[in-house]
Amino acid sequence: WDLLVLSSVGLALRLLLYLVPSVWAFTVAQMLHGLTFGANHVAATGYAADNVAPEHYGVAMTLYWSLAVNLPQMMGAFGGGFIIESFGYPMLFLSYSIFPIIGIILSFVLKKTLI
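Conventions and cut-offs
Numbers given for residues are sequential positions, taken from 1 along each chain in its written order. At least 70 in pLDDT is required for a residue's local features to be given in this predicted model, at least 80 for side-chain atom pairs to be given and counted, and no such filter applies to totals for whole chains, interfaces and linings, which use all residues. Processing note: side-chain calculations cover all non-hydrogen atoms of the structure and skip hydrogens and water entirely. Only runs of H or I of at least four residues qualify as helices and only runs of E of at least two qualify as strands under DSSP, and these elements are numbered from the N terminus. Residue contacts are defined here by distance: any two heavy atoms, one from each residue, within 4.5 Å place the two residues in contact. Each accessible area is a Shrake-Rupley estimate made with a 1.4 Å probe; only the visible protein chains count as cover when residues are assessed. Each Phe, Tyr or Trp ring, with Trp reduced to its six-membered ring, pairs with another whose centre is within 6.5 Å; inter-plane angles below 30 degrees give stacked pairs, above 60 give edge-to-face pairs, and intermediate values give tilted ones. Buried residues are those whose accessible area, probed at 1.4 Å on protein chains only, stays under 20% of the maximum for their type, while exposed residues exceed 50% and partly exposed ones sit between those limits. Pairing of N or O atoms within 3.5 Å defines a polar contact, subject to two protein rules: one partner must be a possible hydrogen donor and the other a possible acceptor, and residues neighboring in sequence count only if both atoms are side-chain atoms. pLDDT measures the predictor's confidence residue by residue and takes values from 0 up to 100. The definition of a nonpolar core used throughout is a set of buried Ala, Val, Leu, Ile, Met, Phe, Trp, Tyr and Cys residues joined through side-chain atoms within 4.5 Å. Here, axes are lines fitted to C-alpha atoms. For helices the fit covers the stretch in contact, and angles between N-to-C directions go from 0 to 180 degrees. Put simply, a crossing is left-handed when the front helix is turned counterclockwise from the back one by less than a right angle, and right-handed when it is turned clockwise. Asp, Glu, Lys and Arg are counted as charged, while Ala, Val, Leu, Ile, Met, Phe, Trp, Tyr, Cys and Pro are counted as nonpolar; the rest, among them Gly, fall into the polar class.

## Some thoughts on the overall build of the protein
And then number 1: The helix and strand inventory of the protein stands at five helices and zero strands.
And then number 2: In the protein, the succession of α and β elements from N to C terminus is α-α-α-α-α.
And then number 3: In terms of principal-axis extent, the alpha carbons of the protein reach across some 45 × 25 × 25 Å.
And then number 4: In the protein, once contacts between residues fewer than 6 apart in sequence are set aside, the share between residues at least 24 apart is 54%.
And then number 5: Element-wise, carbon and sulfur atoms account for 76% of the exposed surface of the protein, whose accessible area totals about 7700 Å².

Spelled out as structure tokens, the structure:
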């Protein structure tokens with residue numbers, strides 16, 4: 001749970017850093033990418049391993065990859081192109097930062113259920 005929340009904070013911070021017009025902000029944001037994705041993936045797969053029966057682990061990982069990784073990537077790509085064309089890159093990164101912030105809030109609201 002802690003690593004998942006920390007990775008969500010890092011992801012929101014990374015996306016918001018892209019709004020700062022500086023090569024240093026961009027560099028820090030890019031460095032955070034590897035850490036946030038890696039931490040998120042380790043936290044999500046670790047959560048599944050700890051909370052799903054071993055005989056259902058394959059199904060859990062399939063659902064994770066299809067619903068938590070691939071579906072958001074597809075929707076983000078479709079929506080992202082529209083947002084960039086209509087409103088520009090700052091709105092793209094601002095709108096994308098909403099999702100990890102919602103995830104952080106939900107993590108605290110559902111903490112007793114998740115742990």
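What follows continues from the structure just given.
## Notes on the packing of aromatic side chains
And then number 1: Under the criterion given, the structure shown has six aromatic pairs.
And then number 2: When the centroid spacing of 5.5 Å and the interplanar angle of 65° are considered together, the rings of Tyr64 and Trp65 count as edge-to-face.
And then number 3: You can call Tyr64 buried: its relative accessible area is 12%.
And then number 4: Trp65 sits in the partly exposed class, given a relative accessible area of 34%.
And then number 5: Note on Tyr89 and Phe93: the rings are 6.3 Å apart at their centroids and 25° apart in plane angle, and the pair reads as stacked. A residue pair is termed a helical-turn pair when its members lie 3 or 4 positions apart in one helix, as Tyr89 and Phe93 do in helix 4 (residues 89-109) at four residues.
And then number 6: Taken together through their ring pairs, the aromatic side chains of Tyr18, Phe26, Tyr89 and Phe93 make up a single cluster.

## A look at the side chain of Thr36
And then number 1: Among the secondary structure elements, Thr36 is positioned in helix 2 (residues 23-51).
And then number 2: Engagement of the side chain of Thr36 in a polar contact is seen with the backbone oxygen of His33, the distance being 3.1 Å.

## Side note on the environment of Phe87
And then number 1: Residue position: Phe87 is located in helix 3 (residues 57-87).
And then number 2: The exposure class of Phe87 is exposed, given its relative accessible area of 54%.
And then number 3: In sequence terms Phe87 and Asp50 are 37 residues apart; their C-alpha atoms lie 42 Å from each other.

## Let's talk about the confidence of the model for the protein
One rule of thumb: low pLDDT means the predicted coordinates there are not for detailed reading.
And then number 1: Chain-level statistics for the protein give a pLDDT mean of 91 and a share of 100% at 70 or above.
And then number 2: Helix 4 holds the highest mean pLDDT among the elements of the protein, 93, whereas helix 5 (residues 111-114) holds the lowest, 84.

## Some words on the nonpolar core
And then number 1: Judged by nonpolar contacts, Leu15, Leu17, Tyr18, Ala25, Ala29, Leu32, Ile83, Leu92 and Phe93 together constitute the single largest core of nine residues.
And then number 2: The set of elements that each furnish at least two residues to this core consists of helix 1 (2-17), helix 2 and helix 4.
And then number 3: When residues of this core are assigned to their parent elements, the largest contribution, three residues, is made by helix 2.

## Some thoughts on the packing of helix 2 against helix 3
And then number 1: Orientation of helix 2 relative to helix 3, taken along the N-to-C sense of each, is 150°, at an axis distance of 10 Å. Seen along the crossing, helix 2 lies across helix 3 with a hand that is right-handed. Residues Asn40, His41, Ala44, Thr45, Ala48 and Ala49 of helix 2 form the contact with helix 3, whose participating residues are Tyr57, Ala60, Met61, Tyr64 and Trp65.
And then number 2: Classifying every residue of the contact of helix 2 with helix 3 by side-chain character gives eight nonpolar, three polar and no charged.

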